[in-house]
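Tertiary structure, described
The residues making up each chain are set out below.
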Amino acid sequence: MLDTTALNQQRNFFDGHAEIWLFGYGSLIWKADFAYLERRPAYIHGWERRFWQGSHDHRGTPEAPGRVATLIRAPGAVCHGMAYRITPEVLAPLDVREKNGYLREKVPLTFVDDNGDAIKQSEGLIYLASQDNPAFLGDAPLTDIAWQIANAHGPSGPNRDYLINLAKALRELGAKDAHIFALEQQLERF
Ligand code: SIN
């Protein structure tokens, strides 16, 4: 199976920084099982969240992969999530968690206040599973994606929980995401 851990350890975009802003858009929004100093709702520009990445290690198996979130370039789009201020040593365990195709990338973040208004900007780090990684599954009819999510299970639990938890976390953030909410609705059928 794919393992991007070693590759990510070469991707030191924030070398010499005592603190880094990590932006989570998938499970990193609702499953923060790492130490952080502070967290704030934020968004990134030019990206859309999609359940197009295969999960062979967390929410599925190599034989029956699940589907998890990645980002697709979409000029003009905004993707809401959660930013965490972390120290650099937190990246090592995150590299392991995200090893099935995700690579560290540097992106501009915009923080938002309780009303959703932009308050400040900063450079941040994301884990991105791009279309050329071997675990990338890509687009499929929404019902097929929902069916796959409804039926996949992995060491981290049912794939269904990943989608339900993400949709709930996005509602709590006041974020709109048509793809995620439509998938959540489809999931109820299975
Ligand atoms: C993220 O949450 O930011 C990356 C994808 C994931 O771990 O679900």
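Check the entry above for the structure.
These numbers come from a predicted model, not from an experiment. (Residues numbered from 1 in each chain as written. Predicted model: local features only at pLDDT ≥ 70, side-chain atom pairs only at ≥ 80, totals over all residues. Heavy atoms only, no water.)

In the neighbourhood of the ligand, the contacting residues comprise G24, Y25, G26, S27, L28, A69, E98, Y102 and Y162. In this structure, an oxygen atom belonging to the ligand sits 2.8 Å away from a main-chain N or O atom of G26. In the complex, the protein chains occlude 97% of the 250 Å² of accessible area that the ligand would expose alone. (Near = heavy atom within 4 Å. Polar contact = N/O pair within 3.5 Å; in protein donor to acceptor, adjacent residues only side chain to side chain. Areas by Shrake-Rupley, 256 points an atom, 1.4 Å probe, with all protein chains shown as cover.)

Turning our eyes to something else, we now look at the packing of helix α4 (residues 142–151) against helix α6 (residues 178–187). Two numbers describe how α4 lies on α6: the axes approach to 9 Å, and their chain directions differ by 65°. Where α4 crosses over α6, the two elements pack in a sense that is right-handed. Counting all contacts with α4, which are made through L142, T143, I145, A146, I149 and A150, the residues of α6 involved are H179, A182, L183, Q186 and L187. Split into classes, the residues belonging to the contact of α4 with α6 amount to eight nonpolar, three polar and no charged. (Axes fitted to C-alpha atoms, helices over the stretch in contact; angles between N-to-C directions. Helix = DSSP H or I, 4+ residues; strand = E, 2+ residues; numbered from the N terminus. Left-handed = near helix turned anticlockwise from the far one by under 90°. Contact = heavy atoms within 4.5 Å. Nonpolar A, V, L, I, M, F, W, Y, C, P; charged D, E, K, R; others polar.)

Moving on: the packing of helix α5 (residues 159–173) against α6. Put simply, α5 and α6 touch, their axes get as near as 10 Å, and they point 135° apart. Relative to α6, the element α5 is oriented oblique. Seen from above, α5 lies across α6 with left-handed handedness. On the side of α5, the interface is formed by R160, L163, I164, L166, A167, L170 and R171, while α6 contributes I180, F181, L183, E184 and L187. Per-class residue counts for the contact of α5 with α6 are nine nonpolar, no polar and three charged. (Parallel < 35°, antiparallel > 145°, perpendicular 65-115°, else oblique.)

As a further point, take the pattern of salt bridges. Within the structure shown, the criterion is met by twelve salt bridges. With a closest N to O distance of 2.6 Å, R97 and D33 form a salt bridge. Placement of R97 in helix α3 (residues 91–97) and of D33 in the loop between α2 (27–30) and β2 (38–55) is noted, with a sequence separation of 64 residues between them. Put simply, K168 and E172 hold a salt bridge, and the shortest N to O gap is 3.4 Å. In this pair, K168 and E172 are both assigned in helix α5, four residues apart and thus about one turn of the helix distant. Judged by relative accessible area, which is 62%, E172 ranks as exposed. (Salt bridge = Lys/Arg side-chain N within 4 Å of Asp/Glu carboxyl O. Buried < 20%, exposed > 50% of the residue type's maximum accessible area, 1.4 Å probe, protein only.)

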